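Observations on the three-dimensional arrangement
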Amino acid sequence: MKIVDFHCDTISQLHDYKQNGENINLKENKLHLDIAKMKKSDYMLQVFASYVDLDVTKNPVETCLSHIDLLYNEIEKNKDDISLVYTYEDIIKNNKLSALLSIEEGGVCKGNLSLLRNYYRLGVRMMTLTWNYENELAYPNGHFYDEKSQQRKGLKEKGFEFIHEMERLGMIIDVSHLSDDGIYDVYNNTKKPFIASHSNARSLCSHDRNLTDDMIRKIADRGGLIGANFYSRFLNDEYSENDASKIKDIVEHMKYIANIGGIDCVGIGSDFDGIDCPLEFENASNMQLIYHEMKKSGFSESEIEKVFYKNALRLFKELL
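What counts as what
What you see as residue numbers is a count from 1 along each chain, following the sequence as written. With pLDDT at 70 or above as the cut-off, local features in this predicted model cover only qualifying residues; side-chain atom pairs require 80 or more to be listed or tallied, and sums for whole chains, interfaces and linings still use all residues. The basis for every side-chain value is the complete set of non-hydrogen atoms in the structure, without hydrogens or water. What counts as an axis is a line fitted to C-alpha atoms, over the stretch in contact for a helix, and the angles between N-to-C directions run from 0 to 180 degrees. In DSSP terms, a helix is any run of H or I states spanning at least four residues, a strand is any run of E spanning at least two, and both are numbered starting from the N terminus. Whether a crossing is left-handed or right-handed is set by the direction in which the near helix is turned from the far one by less than a right angle, anticlockwise for left-handed and clockwise for right-handed. Residues are treated as being in contact if the distance between any of their heavy atoms lies within 4.5 Å. Each residue gets one label: Ala, Val, Leu, Ile, Met, Phe, Trp, Tyr, Cys and Pro are nonpolar, Asp, Glu, Lys and Arg are charged, and the others, such as Gly, are polar. Only protein chains enter the accessibility calculation, which uses a 1.4 Å probe; a residue whose area is less than 20% of its type maximum is buried, one above 50% is exposed, and one in between is partly exposed. Each C-beta atom gives one direction from the helix axis, and the arc is the one those directions make. Only Phe, Tyr and Trp rings take part, Trp by its six-membered ring, and two of them pair if their centres are within 6.5 Å. Stacked means planes under 30 degrees apart, edge-to-face means over 60, and tilted covers everything else. We call a charge positioned above a ring when the Lys NZ or Arg CZ atom is no farther than 6 Å from the ring centre and deviates by at most 35 degrees from the ring normal. The method works on a 1 Å grid over the protein atoms by themselves. A cavity is a set of points holding a 1.4 Å probe that cannot get out, a pocket is an open set with protein on both sides within 12 Å along at least five of seven lines, and residues with an atom within 4 Å of a point line them. Grid points are joined across faces, edges and corners, and a volume is the space filled by probe spheres set on the points. In what follows, roughly perpendicular refers to angles from 65 to 115 degrees, roughly parallel to angles under 35, roughly antiparallel to angles over 145, and oblique to any angle outside these ranges.

1. Focus on the packing of helix 10 (residues 288–296) against helix 11 (residues 301–319)
Between helix 10 and helix 11, whose axes approach to 10 Å, the crossing angle comes to 140°. Helix 11 is crossed by helix 10, and the crossing has right-handed handedness. Along the contact surface, helix 10 presents Q288, I290, Y291, M294 and K295, while helix 11 presents E301, I304, V307 and F308. For the contact of helix 10 with helix 11, the residue count by class is six nonpolar, one polar and two charged.

2. Comments concerning unusual backbone geometry
Of note, the phi angle at D42 is positive, near 65°, even though the residue is not glycine. One can find D42 in the loop between helix 2 (35–40) and strand 2 (43–51). Unusually for a residue other than glycine, K110 sits at a positive phi of about 55°. Its location among the elements puts K110 in the loop between strand 4 (97–104) and helix 5 (113–121).

3. Let's talk about helix 8 (residues 213–221)
Taken residue by residue, helix 8 has D213, M215, I216, I219 and A220 as its buried positions. The arc that holds the buried residues of helix 8, viewed along the axis, is 160°, so those residues lie on one side. Where helix 8 is buried, its residues contact helix 7 (180–188), strand 7 (195–196), strand 8 (225–228) and helix 9 (247–261). The first or second residue beyond helix 8 is G223, which carries a positive phi of 90°.

4. Focus: the packing of aromatic side chains
Summed over all chains, the structure comprises seven aromatic pairs. Pairing Y231 with F234 gives two aromatic rings, centres 4.9 Å apart and planes at 90°, and the pair type is edge-to-face. Take Y231 and F234: they sit in the same class, and that class is buried. Measuring from ring centre to ring centre gives 6.4 Å for F272 and F281, while their planes differ by 65°; the resulting arrangement is edge-to-face. The pair formed by F272 and F281 is uniform in burial state, with each residue classed as buried. Here the aromatic cluster, defined as three or more aromatic residues joined through ring pairs, consists of Y51, W131 and Y133. Over the ring of Y120 we find R125; its NZ or CZ atom is 3.7 Å from the centre of that ring.

5. Here's the deal with empty space enclosed by the protein
Counted under the stated rule, the structure contains two cavities of 30 Å³ or more. In this structure, the largest cavity spans a volume of roughly 70 Å³. Around the largest cavity, the lining residues are M166, E167, G170, M171, I172, I173, K192, P193, F194 and L319. Contributions of two or more residues to the lining of the largest cavity are made by helix 6 (157–169) and strand 6 (172–174). L178, I183, D208, R209 and N210 are the residues nearest the centre of the second largest cavity, which is lined by 14 residues in total. For the lining of the second largest cavity, the class distribution of residues is five nonpolar, five polar and four charged.

6. A short note on the packing of helix 5 against helix 6
In the contact formed by helix 5 and helix 6, the axes pass within 11 Å of each other and the chain directions differ by 30°. One way to sum up the angle between helix 5 and helix 6 is to call them roughly parallel. At the point where helix 5 passes helix 6, the crossing takes the right-handed sense. On helix 6, the residues touching L113, L116, R117 and Y120 of helix 5 are E161, F162, E165, M166, R168 and L169. Of the residues that constitute the contact of helix 5 with helix 6, the class distribution is six nonpolar, no polar and four charged.

If you want it as structure tokens, here you go:
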């Protein structure tokens, strides 16, 4: 079963290890994901995010560009196994693993549309508007409507400019990490599908990083996609960050999202190398265990194909 995963932080991790002088690469490493693990699990495409923590990064633009450079260099060294893709046609024609570039933190644009366009020229085809901090574009999850001041905590003026330009360019808008008001702002001010690349269902786990039923329906109604996140804290309210992520919990969120929004809105957004909890299935080499659990829980073969890669291809065909 082919796999498309909408989110991992592997490149940012590789960058940090290399900065600390460690000899590590994308071909085979100790992280959740590498080329060898992807090949073992029969991946079609991995979305690689440049994750930038604005709280600890002195120069977010430089850091993001270093991440992008690292990915290009690693792909060049492994060009027999993996290619960077920019369009739907690139993905379909590629007979190797595909890598798609994204950014996890709209703050690396500093509110400057020229930076957004230059990231697009470098191959970025997806971006989360925020991570966990307020930036020039929007407020992140955890910020809610302020009843006392009657102040909304959604997109800022620059955020509206950015989502319109992203739609024009063909860069996928990613609302994972965005505030509730922000998600509705995206829905009410765009026309094309958008995604929550690595988010789960709030009705099953109340963390504010997860989506309400109404958000799930709106993303689905627009033709968007929700990538199930593997982090234990986003799967079950009773888990701590030290508790292992269970396959059955991941599949339960997939099933719930499908029941609310339909099977066409469900995908995979592992958050590999961006989560610090243990994983029942250890790493990306064992992704087919999710397939077996889905079969056991009642998903049909055609439904699993949609979740694993066909929904993603449909989205890419429309947006890239």
